[in-house]
Amino acid sequence: MTHALPLAYDPTDPAVVENPYPVLLDLQRHDPAHWSPKVRAWILTRYEDVRNALSSPQMSVNRLEPFYRALPAEEQSRVSVLIHYLSRWLVFRDPPEHTRLRKLLMAGFTARAVQALRPGIEEISSMIIDRLPKGEVFDFVDAYAMQLPGFVIMDLLGVPRSEMLRLKGCSDRIQLFIGSARNSPNKYELAEAGAQEMAGIFRELIAERRLSPKEDMISTLVAARDDDDALSEDELIAACMLVMFGGHETTTNLMAGGVLKFLLHPEQAELLRADPSLAKSAVEECLRFDGPSGSMARVVAVDHNLHGKDLRSGDRVFAMINTANQDPDVFENPGVFDITRAQNRHVTFGFGTHFCMGSALARLEGEVAFPHLLASLPGLKLAGDVDWHPTMIMRGPRSLPVVI
């Protein structure tokens, strides 16, 4: 009996936005290199294929420049500032330019610099929890999940906390473009405006740090040198935008998605309350099981065949991270949320050259936040339907109604 495959993977289907796993795990079993006419891209779902796509020279991360060149002239003008800065993000650069930028940016992400943030994370978490309303329904995303990583990354960079909502607004608009949102017809205009505003904020802060350096990442990046090489002004602005966006959006989804998982699996919440030493493995399981990265995008650089399909140079590819993290060939009982899981080789932070620079910080925030939240808010409950981000790249609740 032949398997009746779905006609196509459609990320705009509300049922798929809410729960993409039935269709994606079906593809993992029966059509692991799936061409989606709706997305006009290849959808890869098996762990080994995803890991190879993230690290193989047969794939490129430089998807912005070909996209921009293919636009009509009038369309190019609508996103020129956005592409100008995003194309300087190292996540969109192949070696050797990626190697150069990463070496300079890592000056701000040393293990010592990250661990020094722990007291600040603890203080921020306590401050936010103290402000949460008691006895009334509120949105956990706005009230905690967005604020904790936002304040942490702003403190790391050296951005005044008063700029939180303004930068969050910029970040949300840029996410519509980067996240491949399928349900936002004016995403180009919104993302362009967000990029212009965010770049302006960081241009001013960089100018201030040149005159008066401080103990923050912006000052570190301004001073960063490698064999007399340094970041240009536009590279500095782009780097700050990347750190702000990457350190904020993804970790917000980790916080909100993680708390949702604990609310849906109260026995796991009780395990962590009883034994806070499980925090590290709990964070890894929150990263693996319906984690904050739905997929990562690549462009085929070299023609090759995969599972009998011809992938041609220039084709777009979505490596489905969360689906790979539920591959039964790699994970035991992959559909079970288990914070004591010992073997957890998830690919949520990528793999190879482009492994996420901020992974240690995201992990630290989770290790502080989850035990603190569960201990401080034992009565936290879901209080309505979850609204999910309608993007393929990011995965997490857009709003999460709860009550204490």
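Some points on the overall build of the protein chain
Secondary structure assignment for the protein chain yields 19 helices and 12 strands. Since a compact globule built from 404 residues should have a radius of gyration of about 22 Å, the 21 Å found for the protein chain is in line with a globular shape. The principal-axis extents of the C-alpha atoms in the protein chain amount to approximately 65 × 50 × 40 Å. The proportion of buried residues among the 404 residues of the protein chain is 55%. In the protein chain, 73% of the contacts between residues at least 6 apart in sequence involve partners at least 24 apart. As displayed, the protein chain offers around 17100 Å² of accessible surface, 53% of which is attributable to carbon and sulfur atoms. Computed over 42 positive and 53 negative side-chain charges, the inter-centroid distance for the protein chain is 1 Å.

Thoughts on the pairing of strand β5 (residues 296-300)
Counting buried residues along β5, five of its five residues qualify, which places the element largely inside the surrounding structure. Residues Met296, Arg298 and Val300 of β5 are buried on one face, and the alternating residues Ala297 and Val299, pointing to the opposite face, are buried as well. Note that strand β3 (residues 59-60) and β5 share two bridges and pair antiparallel. The residue bridging Met59 from the neighbouring strand is Val300, located in β5. The pairing of β5 with strand β8 (residues 316-319) spans four bridges and is classified as antiparallel. Considered in β8, the bridge of Arg298 is made with Val317.

Here we look at the packing of helix α11 (residues 147-157) against helix α15 (residues 233-264)
One way to put it is that α11 packs onto α15 with a least axis distance of 8 Å and a crossing angle of 155 degrees. Classed by the angle they form, the pair α11 and α15 counts as roughly antiparallel. In the packing of α11 onto α15, the handedness of the crossing is right-handed. Where α11 abuts α15, its residues Leu148, Pro149, Gly150, Ile153, Met154 and Leu157 lie against Cys240, Val243, Met244, Gly247, His248, Thr251, Thr252 and Met255. Within the contact of α11 with α15, the residues separate by chemical class into nine nonpolar, five polar and no charged.

Things to note about the environment of Glu249
Considering the arrangement of structural elements, one finds Glu249 in helix α15. Residue class for Glu249 comes out buried when judged on its relative accessible area of 2%. Once you skip the residues sitting within four places of it in the chain, Glu249 turns out to touch Lys168, Ser171, Asp172, Gln175 and Met394. Among the polar contacts made by the side chain of Glu249, one reaches the side chain of Ser171 at a distance of 2.8 Å.

A look at the packing of aromatic side chains
Within this structure, the stated rule accounts for nine aromatic pairs. Considering the side-chain rings of Trp89 and Phe245, the 5.7 Å spacing of their centres and the 45 degrees angle between planes classify their relative orientation as tilted. Here Trp89 is found in the loop between α6 (80-86) and α7 (97-105), whereas its partner Phe245 is found in helix α15, with 156 residues between them in sequence. Just as Trp89 is buried, Phe245 falls in that class too. One aromatic cluster is present, formed by Phe262, Phe289, Phe337 and Phe370 through successive ring pairs. Over the face of the ring belonging to Phe151 we find Arg161, whose NZ or CZ atom lies 5.3 Å from the ring centre.

A few points about the pattern of salt bridges
Scanning all chains against the criterion turns up 24 salt bridges. Of the charged contacts in the structure, one is a salt bridge between Arg29 and Asp26, with a shortest N-O distance of 3.7 Å. Of this pair, Arg29 and Asp26 both sit in helix α2 (residues 21-30), three residues apart, which is roughly one turn of that helix. Residue classification places Asp26 among the buried residues on the basis of a relative accessible area of 13%. Two residues, Glu197 and Arg173, come together in a salt bridge whose shortest N-O distance is 3.0 Å. On the criterion of sequence distance, the pair formed by Glu197 in helix α13 (residues 187-211) and Arg173 in helix α12 (residues 164-178) is long-range, its members being 24 residues apart. Of the residues examined, Glu197 reaches a relative accessible area of 27% and is grouped as partly exposed. The exposure class of Arg173 is partly exposed, given its relative accessible area of 21%.

The rules behind each value
- Residues numbered from 1 in each chain as written.
- Predicted model: local features only at pLDDT ≥ 70, side-chain atom pairs only at ≥ 80, totals over all residues.
- Heavy atoms only, no water.
- Helix = DSSP H or I, 4+ residues; strand = E, 2+ residues; numbered from the N terminus.
- Rg over C-alpha atoms; globule rule 2.2 N^0.38 Å.
- Buried < 20%, exposed > 50% of the residue type's maximum accessible area, 1.4 Å probe, protein only.
- Contact = heavy atoms within 4.5 Å.
- Areas by Shrake-Rupley, 256 points an atom, 1.4 Å probe, with all protein chains shown as cover.
- Lys, Arg positive; Asp, Glu negative; His and termini not counted.
- Charge placed at Lys NZ, Arg CZ, Asp CG, Glu CD.
- Pairing = 2+ DSSP bridges.
- Axes fitted to C-alpha atoms, helices over the stretch in contact; angles between N-to-C directions.
- Parallel < 35°, antiparallel > 145°, perpendicular 65-115°, else oblique.
- Left-handed = near helix turned anticlockwise from the far one by under 90°.
- Nonpolar A, V, L, I, M, F, W, Y, C, P; charged D, E, K, R; others polar.
- Polar contact = N/O pair within 3.5 Å; in protein donor to acceptor, adjacent residues only side chain to side chain.
- Phe/Tyr/Trp six-rings, centres within 6.5 Å; stacked < 30°, edge-to-face > 60°.
- Lys NZ or Arg CZ within 6 Å of the ring centre and 35° of its normal.
- Salt bridge = Lys/Arg side-chain N within 4 Å of Asp/Glu carboxyl O.

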